[in-house]
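Coordinates in review
The lines below spell out each chain.
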Amino acid sequence: AQSVTQLDSQVPVFEEAPVELRCNYSSSVSVYLFWYVQYPNQGLQLLLKYLSGSTLVKGINGFEAEFNKSQTSFHLRKPSVHISDTAEYFCAVILLGSSGTYKYIFGTGTRLKVLA
Amino acid sequence: DAMVIQNPRYQVTQFGKPVTLSCSQTLNHNVMYWYQQKSSQAPKLLFHYYDKDFNNEADTPDNFQSRRPNTSFCFLDIRSPGLGDAAMYLCATSSGVGPTYEQYFGPGTRLTVT
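The structure reproduced in this document is the subject of the present report. (Residues numbered from 1 in each chain as written. Chains lettered and ligands numbered in written order. Predicted model: local features only at pLDDT ≥ 70, side-chain atom pairs only at ≥ 80, totals over all residues. Heavy atoms only, no water.)

All names here are of chain B. Counting buried positions along strand 9 (residues 87–94) yields eight of eight residues, so the element is predominantly enclosed. Neither face of strand 9 is open: one carries Ala87, Tyr89, Cys91 and Thr93, the other Met88, Leu90, Ala92 and Ser94, and all of them are buried. By the bridge criterion, seven bridges tie strand 4 (residues 31–37) to strand 9 in an arrangement that is antiparallel. In the strand pairing of strand 9, Trp34 is matched with Cys91. Pairing between strand 9 and strand 11 (residues 109–113): three bridges, direction antiparallel. Bridged to Tyr89 within strand 11 is Thr109. With two bridges connecting them, strand 9 and strand 10 (residues 104–105) associate as antiparallel partners. Considered in strand 10, the bridge of Ala92 is made with Phe105. (Buried < 20%, exposed > 50% of the residue type's maximum accessible area, 1.4 Å probe, protein only. Helix = DSSP H or I, 4+ residues; strand = E, 2+ residues; numbered from the N terminus. Pairing = 2+ DSSP bridges.)

So, in structure tokens, the structure goes:
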């Protein structure tokens, strides 16, 4: 079955340090990959997505992610984090379901805590 | 600003007492989704509407129902809430279905069942 794994439930990092949030997926078919961010008491917001083309995807707020087919990974990175990046980050894959409609499969999330 | 609004943000209901959660959108999107997110778990799609067409996920319990009276509003009805239904319920919208269509999420309603 299609799944998304986020191995790190929490990642503490100091302000201005680099960060990588890991995401691995399992699929034998074409995948479309996404990263969403959820700030406290807010809904999910799209950070970036990979549909096709260049494997390095740049998103909002200075984030980027690299699609690695051989490692079935889509890790999220930022070279220098800010306190305001403290949030929950969700990796997701979209697949074509049995009903003929597309659906998201989300990972369990990684809580990024940026320390002063 | 165009947005997805969920009311109430926090809802407490009693075991077995029907409850309705509300979602509205000003984006004029065709598609509206309901997700359930339990503590420390991934959001899980319950069902979605494409216009008036209702699409239920195969593993969504019958206890969960939905109504979409018009483009702007969508409701989630839980007929007989159990303790296991306590969760955050997220509403989302998109202008179409498929990987190129971004989903826009509301802030969620946190449901507590006592």
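Structure's up, so let's keep going.
Moving on to empty space enclosed by the protein. Counted by the stated rule, this structure contains one cavity of 30 Å³ or more. Estimates place the volume of the largest cavity at around 40 Å³. Considering the residues around the largest cavity, the lining is formed by Ile94(A), Tyr102(A), Tyr104(A), Tyr33(B), Ser94(B), Gly96(B), Val97(B), Gly98(B), Tyr101(B) and Gln103(B). Of the residues in the lining of the largest cavity, the class split is six nonpolar, four polar and no charged. (1 Å grid on protein atoms, 1.4 Å probe; cavity = no way out; pocket = protein on both sides within 12 Å on 5 of 7 lines; lining within 4 Å. Points joined across faces, edges and corners; volume = space filled by probe spheres on them. Nonpolar A, V, L, I, M, F, W, Y, C, P; charged D, E, K, R; others polar.)

Before going further, it helps to examine the side chain of Ser24(B). Assignment of secondary structure puts Ser24(B) in strand 3 (residues 19–25). Not counting chain neighbours up to four residues away, the residues in contact with Ser24(B) comprise Met3(B), Val4(B), Ile5(B), Ser72(B) and Phe73(B). (Contact = heavy atoms within 4.5 Å.)

Here we come to the sheet that holds strand 7 (residues 64–67) of chain B. Residue and element names in this part refer to chain B. Strand order in this open sheet of four strands is 1-3-8-7, and the pairing throughout is antiparallel. The outermost strands of the open sheet, each flanked by one partner alone, are strand 1 (4–7) and strand 7. When the angles between neighbouring strand axes are averaged without regard to direction, this sheet yields 20°. Judged from the four bridges that link them, strand 7 and strand 8 (residues 73–78) form a sheet pairing that is antiparallel. Considered in strand 8, the bridge of Phe64 is made with Ile78. (Axes fitted to C-alpha atoms, helices over the stretch in contact; angles between N-to-C directions.)

This brings us to the interface of chain B and chain A. Listed by partner, the interface residues are 23 residues for chain B and 20 residues for chain A. When chain B packs against chain A, close to 1,700 Å² is buried across both sides, 59% of that on carbon and sulfur atoms. One can count zero salt bridges joining chain B with chain A. The interface formed by chain B and chain A holds zero residue pairs in polar contact (both at pLDDT 80 or more) in total. Elements supplying a minimum of two residues to the side of chain B that touches chain A: strand 4 and strand 5 (44–50) of chain B. Residues of the side of chain B that touches chain A, tallied by class, amount to eleven nonpolar, nine polar and three charged. (Buried area = accessible area lost by both parts, 1.4 Å probe. Salt bridge = Lys/Arg side-chain N within 4 Å of Asp/Glu carboxyl O. Polar contact = N/O pair within 3.5 Å; in protein donor to acceptor, adjacent residues only side chain to side chain.)

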